[in-house]
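As a plain string of letters, each chain reads:
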Amino acid sequence: MSQSKMMAAAVLDKPMSIGVKQVPVPEPKPDEALIQVYCIGICGSDVHYYEHGRIGRYEVKEPLILGHELAGIVVQTGDQVTNVSVGDRVAVEPGVTCGRCAYCKSGRYNLCPDVVFMATPPVDGAWAEYVAVRSDFLFKLPDEMSFEEGALLEPLSVGLHAVRRGGIRPEDRVLVLGLGPIGLLAIEAAKLSGASQVYGSDVVEFRRDLATRIGAAGVINPLSDDVPERLRELTGGEGVDLIIETSGNAGAIEGSIDYVNRGGRIVFVGLPTKDAIPVDIGALVDAELDVYGVFRYANTYPAAIRLLQNNGSRIRDIITHEFPLDRIQEAVELARTQKDTSVKVMIYPGRPS
């Protein structure tokens, strides 16, 4: 496939303005494969770039293709590619790292300072018909795994990395704060990793119901429930050993110290709207809590694929809406404004409207 050929791609021109345009099909380098995108999710970061044009130090200064949660089919390979072949169904890990720095060599490649991550300005993402990816960041999907599950490996990886950071143990009771896509998939990751019971908390009834459907042992409404008291009820007074905070809500971040058992662990995943959140250090020290941060993930895709195989996973249940690429603005607006009735919105670049 030559670079003279064109493809459809959803291009963000400026905040609140996105449309489908014709752009050149990427030409894979010798160590890359060209992937025909079957499906790709809308992430909260995509919505944030669409709405505000920036996340922290990353700013959209020129037209940008968003999207990084994808699966598809290999349609062309570079001369040096040996791990995948044309026709393979693959999930795509969207952050390509240098492989040479101390972080990469130690296995914590998510901290690589030279990472090239899809849909993080100025790097284009994959809301498009095709994308070229370095082949060592492609993972073959088992025959029984759908493309949709392959695309969800990306947000599931965040949850899996979070439970790993929290040192999950089989006897642990886990509370997930925030039941958006990452929170719901963190519940799945905790279950797959052997947690004895997993609970969820969110202000949205629809998302609490969905958490119960995918296997949460109980749910909490922080607007109406006394969270510590409700936890005592749900756990028979035993409490929770590990909290995974995905909402970024300041109250949830502050409260997590009071919600977890003494000697417990807290993993912060969600980013708050302001960087500085007050935390009761005295309570944290007195309870001897371990606190961890999460930045994306590392070495999760092979493990996630193995964990999902033959485990009766229901991660596809978090997909609430599907759109063709040419309805991208409608899809992003739905994800942005209808959080009471939507969780994961999936885009299908090859599907006609």
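Each chain has its residues counted from 1, running along the sequence as written. Totals for whole chains, interfaces and linings use all residues, but because this is a predicted model, local features are given only for residues with pLDDT of at least 70 and pairs of side-chain atoms are given and counted only at 80 or more. Hydrogen atoms and water are omitted, and side-chain values are computed over all heavy atoms in the structure.

## A short note on the overall build of the chain
Line of reasoning, step 1. The helix and strand inventory of the chain stands at ten helices and 20 strands.
Line of reasoning, step 2. The globule rule used here is 2.2 Å times the number of residues to the 0.38 power, and the radius of gyration it is set against is calculated over C-alpha atoms. In terms of overall size, the chain behaves like a compact globule, its C-alpha atoms giving a radius of gyration of 20 Å where 353 residues would be expected to give roughly 20 Å.
Line of reasoning, step 3. Projected onto its principal axes, the C-alpha coordinates of the chain cover approximately 65 × 40 × 35 Å.
Line of reasoning, step 4. Burial status across the chain gives 53% buried among its 353 residues. Helix and strand labels come from DSSP, where a helix needs a run of H or I of at least four residues and a strand needs a run of E of at least two; each type is numbered from the N terminus. The rule is simple: take the accessible area with a 1.4 Å probe, protein chains only, and divide by the maximum for that residue type; under 20% is buried, over 50% is exposed, in between is partly exposed.

## Quick look at the domain arrangement of the chain
Line of reasoning, step 1. By convention here, the domain bounds are inherited from an automatic or database domain assignment. Per the domain assignment, the segments making up the chain are domain 1 (6-141 + 314-348) and domain 2 (158-293).
Line of reasoning, step 2. Once you take the C-alpha centre of each, domain 1 and domain 2 turn out to be 28 Å apart.
Line of reasoning, step 3. Reported buried area values correspond to the accessible surface (1.4 Å probe) lost by two parts on association, with both partners' losses combined. Three residues stand out in domain 1 for area buried against domain 2, namely Arg314, Ile318 and Val343, and they jointly supply 43% of the buried area on that side.
Line of reasoning, step 4. By definition, a salt bridge exists where a carboxyl oxygen of Asp or Glu is found within 4 Å of a side-chain nitrogen of Lys or Arg. The interface formed by domain 1 and domain 2 holds zero salt bridges in total.
Line of reasoning, step 5. Distance and chemistry together define a polar contact, namely a pair of N or O atoms within 3.5 Å, with one atom able to donate a hydrogen and the other to accept it when in protein, and with adjacent residues in sequence counting only for side-chain atoms on both sides. Taken together, domain 1 and domain 2 are joined by two residue pairs in polar contact (both at pLDDT 80 or more).
Line of reasoning, step 6. Polar here means any residue outside two lists: the nonpolar Ala, Val, Leu, Ile, Met, Phe, Trp, Tyr, Cys and Pro, and the charged Asp, Glu, Lys and Arg; Gly therefore counts as polar. Of the residues that constitute the side of domain 1 that touches domain 2, the class distribution is three nonpolar, four polar and six charged.

## Let's talk about the layout of surface pockets
Line of reasoning, step 1. Taken as a whole, the second largest pocket holds about 540 Å³ of empty space.
Line of reasoning, step 2. Throughout, the protein atoms alone are placed on a 1 Å grid, and a set of points is a cavity if a 1.4 Å probe fits but cannot get out or a pocket if it is open with protein on both sides within 12 Å along at least five of seven lines; lining residues have an atom within 4 Å of a point. Lining of the second largest pocket is provided by 27 residues; of these, Glu32, Val116, Val123, Asp124 and Ala132 occupy positions nearest its centre.
Line of reasoning, step 3. Of all the elements in the fold, those that place two or more residues in the lining of the second largest pocket are strand E2 (17-24) and strand E11 (130-134).
Line of reasoning, step 4. If one sorts the elements of the lining of the second largest pocket by residue count, E11 sits on top with five residues.
Line of reasoning, step 5. Residue composition of the lining of the second largest pocket, by class: 18 nonpolar, two polar and seven charged. Grid points are joined across faces, edges and corners, and a volume is the space filled by probe spheres set on the points.

## Quick word on the pattern of salt bridges
Line of reasoning, step 1. Overall, the coordinates contain 18 salt bridges when judged by the stated rule.
Line of reasoning, step 2. Between Lys21 and Asp13 there is a salt bridge, with its nearest N and O atoms 2.8 Å apart.
Line of reasoning, step 3. Residue class for Lys21 comes out partly exposed when judged on its relative accessible area of 37%.
Line of reasoning, step 4. The class for Asp13 is partly exposed, based on a relative accessible area of 34%.
Line of reasoning, step 5. One salt bridge connects Lys344 with Glu69, and the closest N-O pair in it is separated by 2.8 Å. Residue Lys344 is found in strand E20 (residues 344-348), and its partner Glu69 is found in strand E7 (residues 69-77); the two are separated by 275 residues along the sequence.
Line of reasoning, step 6. Owing to a relative accessible area of 2%, Glu69 belongs among the buried residues under this scheme.
Line of reasoning, step 7. In this structure, a network of salt bridges that share partners links the residues Arg169, Glu171, Asp172 and Arg265.

## Observations concerning the packing of aromatic side chains
Line of reasoning, step 1. Centres within 6.5 Å are what make two rings of Phe, Tyr or Trp a pair, Trp counting through its six-membered ring; a difference in plane orientation under 30 degrees is then read as stacked, over 60 as edge-to-face, and the rest as tilted. On inspection of all chains with the given rule, the structure shows five aromatic pairs.
Line of reasoning, step 2. When the centroid spacing of 5.8 Å and the interplanar angle of 80 degrees are considered together, the rings of Tyr38 and Tyr348 count as edge-to-face. Taken together, the residues Tyr38 in strand E3 (residues 32-41) and Tyr348 in strand E20 connect sequence positions 310 residues apart.
Line of reasoning, step 3. Residue classification places Tyr38 among the partly exposed positions, given a relative accessible area of 36%.

## Re the pairing of strand E19 (residues 319-324)
Line of reasoning, step 1. Should DSSP find at least two bridges between two strands, the strands are taken to pair. Alignment of E19 against E20, held across five bridges, turns out to be parallel. Each residue of the ladder has a partner; that of His321, found in E20, is Val345.
Line of reasoning, step 2. In this fold, E19 hands off to helix H10 (residues 328-337), which returns the chain to E20; that crossover is right-handed. Handedness of a crossover is defined as follows: with both strands directed away from the viewer, a clockwise route from the first strand across the helix to the second makes it right-handed.

## Some points on the environment of Val260
Line of reasoning, step 1. As for its position among the elements, Val260 is in strand E17 (residues 260-268).
Line of reasoning, step 2. Distance in space between the C-alpha atoms of Val260 and Gly194 is 19 Å, their sequence separation being 66 residues.
Line of reasoning, step 3. The contact definition used throughout considers only heavy atoms, calling two residues in contact when any of these lie within 4.5 Å. Beyond its immediate sequence surroundings of up to four residues, Val260 is in contact with Val240, Asp241, Leu242, Ile243, Arg265, Ile266 and Leu289.

## Some words on the sheet that holds strand E15 (residues 218-220)
Line of reasoning, step 1. Pairing is parallel in the open sheet, where six strands are placed in the order E15-E14-E13-E16-E17-E18. Sheet topology places E15 and strand E18 (290-293) at the edges, where each strand pairs with a single neighbour. Each neighbouring strand pair of the sheet contributes to a mean axis angle of 20 degrees, computed without reference to strand direction.
Line of reasoning, step 2. Contacting strand E13 (173-177), strand E14 (197-201) and strand E16 (240-245), helix H4 (residues 181-192) runs over the sheet at an angle of about 165 degrees to E13. Orientation is described by lines fitted to C-alpha atoms, with helices fitted over the stretch in contact, and by angles between N-to-C directions that extend from 0 to 180 degrees.

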